[in-house]
Amino acid sequence: MPYFDTASAAPLHPVARQALQAALDEGWADPARLYREGRRARLLLDAAREAAAEAVGCRPDELAFTPSGTHAVHSGIAGVLAGRRRVGGHLVVSAVEHSSVLHAAEVHAAAGGTVTEVPVDRFGAVTPDGYAAALGEGTALACLQSANHEVGTVQPVAEVAGVCAEAGVPLLVDAAQSLGWGRVEGGWSVLAGSAHKWGGPAGVGLLAVRKGVRFAPQGPVDERESGRSPGFVNLPAIVAAAASLRAVRAEADTEAARLRVLVDRIRRRVARLVPDVEVVGDPDRRLPHLVTFSCLYVDGETLLHELDQAGYSVSSGSSCTSSTLTPSHVLRAMGVLSEGNVRVSLPIGTSADEVNGFLEVLPGAVAGVREKLGVGEPPSVAPVAESLEVDALGLRCPQPVIELARAIGRVSVGGTVTVLSDDEVARLDIPAWCTIRGHAYLGESPAPGGAAYTVRRLR
């Protein structure tokens, strides 16, 4: 059964499995002790730190191991904000950061700090000018992911780091999605990573803090990991994480080239094989293994279930799932279609046959979901009015857009359809529908029980 969700968690790399087993036998003692077993454990920890630091591109004494990538992000943000509190309490983040960064920003704002979100374009990328405009005299820290976790867009980290350096502001980079593919270039100040993203065991994060960055660890501290991650380290998992990072890096260039060809195939063929689909994210400046697309008139949860039944494990940023009634903050910030969203992220070793099999299954799965929702080609009828109002109150994604599609042919060219909806997703998906179908979105206005979204028919 092909697993196509390595952006959430990569399968354990064989090297990680071997290193983990060996370290369970050799690295169980306290590496802070001076007896033989402790010294042996310390040698393993030091070797793992050196290997990880080499992969990151920092000094070993700048890198600490944490219990997770999220812990590394939270510790990194809190530590720099506290260390630079005399500068000010202003934090800058991009609108598409991982939730771990945004949650830390929420905590900072609740404590009295200020937060600025830098917008992104329709590909999900920030601009250095956007960061330059957001930075100010009281800015203590800026954050930017190296690559987006939902759509794969690679961010201009080096350029943004240059802008931050000119302003005297440290830059924290969440490198969870890209670290397995290579170093993060540019003059970043703090970097966080997560082992389960590159085939290491879950429960190991990396936090690198450059020398010279003012950093004050928050919460109780001890003598371990430079005071940045208290408590007894999970040495076997750390050894396995460092070993797997070195292993995936050794094959990264070859695998990236091979997987990029397969992802390009998905990007091209999905657009041809599936009607009314939007492939999102930057087509060129992106991670080599990840592609995301959204399908009109599709319930995302049902589509993922159909693909799972067909043997393919994928994920979604769609709002149409049981876990959320709001669209992904990434898709919302990009202004792209969210309904029927599918993220495919290929693990190392994925074959062309597996990708071809997915492409054979996908069109039928989408068509089946649309059929269950009663979506079909609207009958050709003569326009009946210059304007229509569609009551979609109480209907959830993707039903308001389906009702809009049924109504648009009933008004004459130049006429308008107004959709009444109390589903927040309509605010994103109706404009996206207009872009895909070639009509004009005129905006929204308040309406009893929800909002009114008006569309002008152009063809």
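The preceding data block contains the structure.
Conventions we followed
- Residues numbered from 1 in each chain as written.
- Predicted model: local features only at pLDDT ≥ 70, side-chain atom pairs only at ≥ 80, totals over all residues.
- Heavy atoms only, no water.
- Pairing = 2+ DSSP bridges.
- Helix = DSSP H or I, 4+ residues; strand = E, 2+ residues; numbered from the N terminus.
- Axes fitted to C-alpha atoms, helices over the stretch in contact; angles between N-to-C directions.
- Contact = heavy atoms within 4.5 Å.
- Core = buried A, V, L, I, M, F, W, Y, C linked by side-chain atoms within 4.5 Å.
- Buried < 20%, exposed > 50% of the residue type's maximum accessible area, 1.4 Å probe, protein only.
- Parallel < 35°, antiparallel > 145°, perpendicular 65-115°, else oblique.
- Left-handed = near helix turned anticlockwise from the far one by under 90°.
- Nonpolar A, V, L, I, M, F, W, Y, C, P; charged D, E, K, R; others polar.
- Expected span 1.5 Å × (residues − 1).
- Right-handed = clockwise from strand over helix to strand, strands pointing away.

Caption draft 1: Just the sheet that holds strand E6 (residues 190-194), in detail. The strand order across the open sheet built from seven strands is E1-E7-E6-E5-E4-E2-E3, with neighbouring strands paired in mixed fashion. Where the open sheet ends on each side, the last strands, each with one partner, are strand E1 (63-66) and strand E3 (114-118). With strand direction ignored, the average angle separating the axes of adjacent strands in the sheet is 20°. Pairing of E1 with strand E7 (residues 205-209) involves four bridges; the strand directions are antiparallel. Bridge pairing links Phe65 to Leu206 in E7. The sheet strands contacting helix H4 (residues 99-110) are strand E2 (90-94), E3 and strand E4 (139-145), and the helix crosses E2 at an angle near 155°.

Caption draft 2: Structural view of the nonpolar core. In terms of nonpolar packing, the biggest core is built from 59 residues, with Val56, Phe65, Leu171 and Leu206 touching the most fellow members. In terms of residues, this core owes the most to one element, helix H7 (residues 235-250), which gives nine residues. Once you skip the residues sitting within four places of it in the chain, Val56 turns out to touch Leu63, Leu179, Arg183, Trp188, Leu191, Leu206 and Ala208. Residues Phe4, Cys295, Tyr312 and Leu362 belong to the second largest nonpolar core, which totals 27 residues.

Caption draft 3: Examining the sheet that holds strand E8 (residues 277-280) more closely. Strand order in the open sheet formed by three strands is E8-E9-E10, and the pairing between neighbours is antiparallel. Strands with a single pairing partner mark the edges of an open sheet, and in this sheet they are E8 and strand E10 (341-345). For this sheet the average axis-to-axis angle between neighbouring strands, irrespective of direction, equals 20°. Pairing of strand E9 (residues 290-295) with E10, which is carried by five bridges, proceeds in the antiparallel orientation. Bridged to Phe293 within E10 is Val342.

Caption draft 4: Local environment of the environment of Ile266. You can see Ile266 is positioned in helix H8 (residues 252-273). Overall, the relative accessible area of 0% leaves Ile266 in the buried class. Each C-alpha atom of the pair Ile266 and Val355 lies 7.6 Å from the other, and the pair is 89 residues apart in sequence. Excluding residues within four positions of it along the chain, Ile266 makes contact with Val291, Phe293, Val344, Val355 and Leu359.

Caption draft 5: Spotlight on the packing of H8 against helix H11 (residues 352-372). Here H8 crosses H11 at 15°, and the two axes come no closer than 11 Å. The angle between H8 and H11 falls in the class roughly parallel. Seen along the crossing, H8 lies across H11 with a hand that is right-handed. For the pair formed by H8 and H11, the contact residues are Leu262, Arg265, Ile266, Arg269, Val270 and Leu273 on the first element and Ala352, Val355, Asn356, Leu359, Leu362 and Pro363 on the second. When its residues are assigned to classes, the contact of H8 with H11 shows nine nonpolar, one polar and two charged.

Caption draft 6: Just helix H2 (residues 36-56), in detail. For H2, with 21 residues, the first-to-last C-alpha span of 30 Å sits near the 30 Å given by 1.5 Å per residue. Where the residues of H2 are buried, they touch E1, E6, E7 and H7. Of the residues flanking the end of H2, it is Gly57, one or two places downstream, whose phi is positive at about 95°.

Caption draft 7: Geometry of unusual backbone geometry. In this model, Cys397 is joined to Pro398 through a cis peptide bond whose omega is 5°. Its place among the elements puts Pro398 in the loop between strand E11 (385-391) and helix H12 (399-408). Phi at Ser226 takes a positive value of approximately 55°, unusual for a residue other than glycine. Along the chain, the position of Ser226 falls in the loop between E7 and H7. Residue classification places Ser226 among the exposed positions, given a relative accessible area of 51%. Backbone geometry places Tyr297, a non-glycine residue, at a positive phi of 60°.

Caption draft 8: Highlighting the pairing of E2. Across the five residues that make up E2, a large majority, five, are buried. Here E2 shows a buried face lined by His90, Val92 and Ser94 and a second buried face lined by Leu91 and Val93. Pairing of E2 with E3, which is carried by five bridges, proceeds in the parallel orientation. Residue pairing in the sheet places Ser94 in a bridge with Val118 of E3. Between E2 and its parallel partner E3, the chain crosses via H4, and the hand of that crossover is right-handed. Sheet analysis places E2 next to E4, joined by three bridges and oriented parallel. Across the sheet, residue Val92 finds its bridge partner in E4, namely Ala142.

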